[in-house]
Amino acid sequence: MEIKRVGVLGCGLMGSGIAQTAASAGFETIVREVSDELLQKGFAGIEKSLSRFAEKGTITAEQQKAIRDRLSGTTSFADLADCDIVIEAIIENIEEKRKTYAELDRICKPETIFASNTSSISITEMMTATSPSRQQRFIGLHFFNPVPIMKLVEVVKTILTDDAIYERAIEFGKQLGKVPVRAGDKTGFIVNRLLVPYMLDAIRALEEGVGSIVDIDTSMKLGLGYPMGPFTLGDFVGLDTTYYIAEIMFNEFREKRFAPPPLLKRMVLAGLYGRKSGRGFYDYTKDPKNPTPMKLV
Ligand code: CAA
């Protein structure tokens with residue numbers, strides 16, 4: 001069960017970070033996207049990140065080149081056929097994911113391990129789109145943004161995952177230079193189970209006038225040493241993503257703490273997605289490095 005060749009599905013923010021991490025750890029890595037344009041966009045992000053590491057001296061120019069040489073891109077599923085593991089980081093849509101897994105199941109060799117980077121969709125629900133033998137080789141590998149920097153990976157086991165495959169996945173997480181934690185297939189796993197109610201509570205506190213955007217962010221940063229306050233983090237993760245995760249968690253657990261507050265829903269409806277759309281809890285359009293808080297309440 002040696003892993004040599006890694007396939008990554010999707011070259012967006014998470015997929016490109018996962019591909020970069022795998023290639024940096026010495027794995028031959030191939031990334032599949034739907035178009036050359038999206039591939040190029042993802043690879044430009046990888047290049048930028050590698051250059052940051054090179055400028056800091058974390059990697060040498062030779063290592064940067066070797067990482068690049070281990071990375072390739074494709075728009076065809078067939079090129080992933082002989083990968084030892086395929087990590088999926090495509091759009092968070094269950095139908096899309098099931099369709100992709102069913103196709104991949106037919107194409108990949110029987111030994112290939114399937115892993116999903118989903119943050120909120122049930123691994124079990126995706127897994128059932130594949131054949132019974134593949135279902136035992138199906139896990140979750142949930143990384144955190146920015147993937148090349150964040151040390152954690154949640155390794156998710158379903159009730160059908162083979163024990164040896166699971167241990168192999170834990171080992172693979174370590175080989176990637178991450179710290180793996182073991183998590184069950186419960187929506188949100190460990191991190192989002194705790195993070196999502198916290199972020200939603202911060203929005204409720206804002207709505208109730210407990211504090212301003214800046215004061216709540218400053219409190220959590222300076223009072224607790226968090227790298228970002230909840231609103232800066234929400235804008236960083238994406239408010240559409242946060243809303244989507246909260247909806248799935250609310251549907252799973254039917255608990256109020258996972259229910260997205262009205263303000264979050266309205267922000268998403270209004271296209272305030274955070275950094276990616278230029279505005280969220282902060283406005284990044286004038287000076288992205290010094291964003292100004294939005295007037296929302
Ligand atoms: N590639 C290479 N280097 C990077 C990088 C990248 N993509 N992103 C950041 N860095 C480096 C910077 O070069 C810098 O390096 P030095 O300290 O050596 O100079 C370092 O990381 C810190 O970056 P910055 O100075 O730009 O900014 P910062 O100090 O605020 O750190 C951060 C940025 C690492 C993102 C930090 O703010 C942080 O840890 N934030 C919290 C991120 C977080 O919580 N992520 C999880 C989100 S939840 C999720 O992803 C999962 C989900 O399911 C929703």
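**Brief notes about the pairing of strand 4 (residues 85-88)**
- Here strand 4 shows two buried faces, one formed by Ile85 and Ile87 and the other by Val86 and Glu88.
- In the sheet, strand 1 (residues 5-9) pairs with strand 4 via four bridges, with the strands oriented parallel. Considered in strand 4, the bridge of valine 6 is made with isoleucine 85.
- In this sheet, strand 5 (residues 113-116) lies alongside strand 4 in parallel orientation, the contact comprising four bridges. By the bridge assignment for strand 5, valine 86 is matched with phenylalanine 114.
- Following the backbone out of strand 4, through helix 4 (residues 94-107) and into the adjacent parallel strand 5, one traces a crossover that is right-handed.

**Considering the packing of aromatic side chains**
- Throughout the structure, instances matching the rule amount to eight aromatic pairs.
- Judged by centre distance (5.2 Å) and plane angle (65 degrees), the ring pair of phenylalanine 27 and phenylalanine 172 falls under edge-to-face. With phenylalanine 27 in the loop between helix 1 (13-24) and strand 2 (28-32) and phenylalanine 172 in helix 7 (residues 163-175), this residue pair connects regions lying 145 residues apart in the sequence.
- Using a relative accessible area of 6% as the deciding quantity, one classes phenylalanine 27 as buried.
- By way of ring pairs, the aromatic residues Tyr101, Phe114 and Phe138 are connected into one cluster.
- The residue whose ring lies beneath lysine 157 is tyrosine 166, and the NZ or CZ to ring-centre distance is 5.8 Å.
- Directly above the aromatic system of phenylalanine 253 lies the positively charged group of arginine 193, at a separation of 4.4 Å from the ring centroid.

**Observations regarding the site of the ligand**
- Near the ligand, the surroundings consist of 17 residues, among which Ser49, Lys56, His142, Asn145 and Asn192 are the closest.
- At 2.6 Å from a nitrogen atom of the ligand is found a side-chain nitrogen or oxygen belonging to serine 49.
- At 2.9 Å, a side-chain N or O of lysine 56 approaches an oxygen atom of the ligand.
- Contact with the protein chains covers 64% of the free accessible surface of the ligand, which is 1,000 Å².
- Of all the secondary structure elements, the ones that give two or more residues to the shell around the ligand are helix 2 (36-56) and helix 10 (230-237).
- Considering each element in turn, the shell around the ligand owes the most residues, four residues, to helix 2.
- Residues of the shell around the ligand, tallied by class, amount to 10 nonpolar, five polar and two charged.
- Residue contributions to the shell around the ligand reach at least three from each of two domains, namely domain 1 (5-184) and domain 2 (192-292).

The rules behind these values
- Residues numbered from 1 in each chain as written.
- Predicted model: local features only at pLDDT ≥ 70, side-chain atom pairs only at ≥ 80, totals over all residues.
- Heavy atoms only, no water.
- Buried < 20%, exposed > 50% of the residue type's maximum accessible area, 1.4 Å probe, protein only.
- Helix = DSSP H or I, 4+ residues; strand = E, 2+ residues; numbered from the N terminus.
- Pairing = 2+ DSSP bridges.
- Right-handed = clockwise from strand over helix to strand, strands pointing away.
- Phe/Tyr/Trp six-rings, centres within 6.5 Å; stacked < 30°, edge-to-face > 60°.
- Lys NZ or Arg CZ within 6 Å of the ring centre and 35° of its normal.
- Near = heavy atom within 4 Å.
- Polar contact = N/O pair within 3.5 Å; in protein donor to acceptor, adjacent residues only side chain to side chain.
- Areas by Shrake-Rupley, 256 points an atom, 1.4 Å probe, with all protein chains shown as cover.
- Nonpolar A, V, L, I, M, F, W, Y, C, P; charged D, E, K, R; others polar.
- Domains from an automatic or database assignment.

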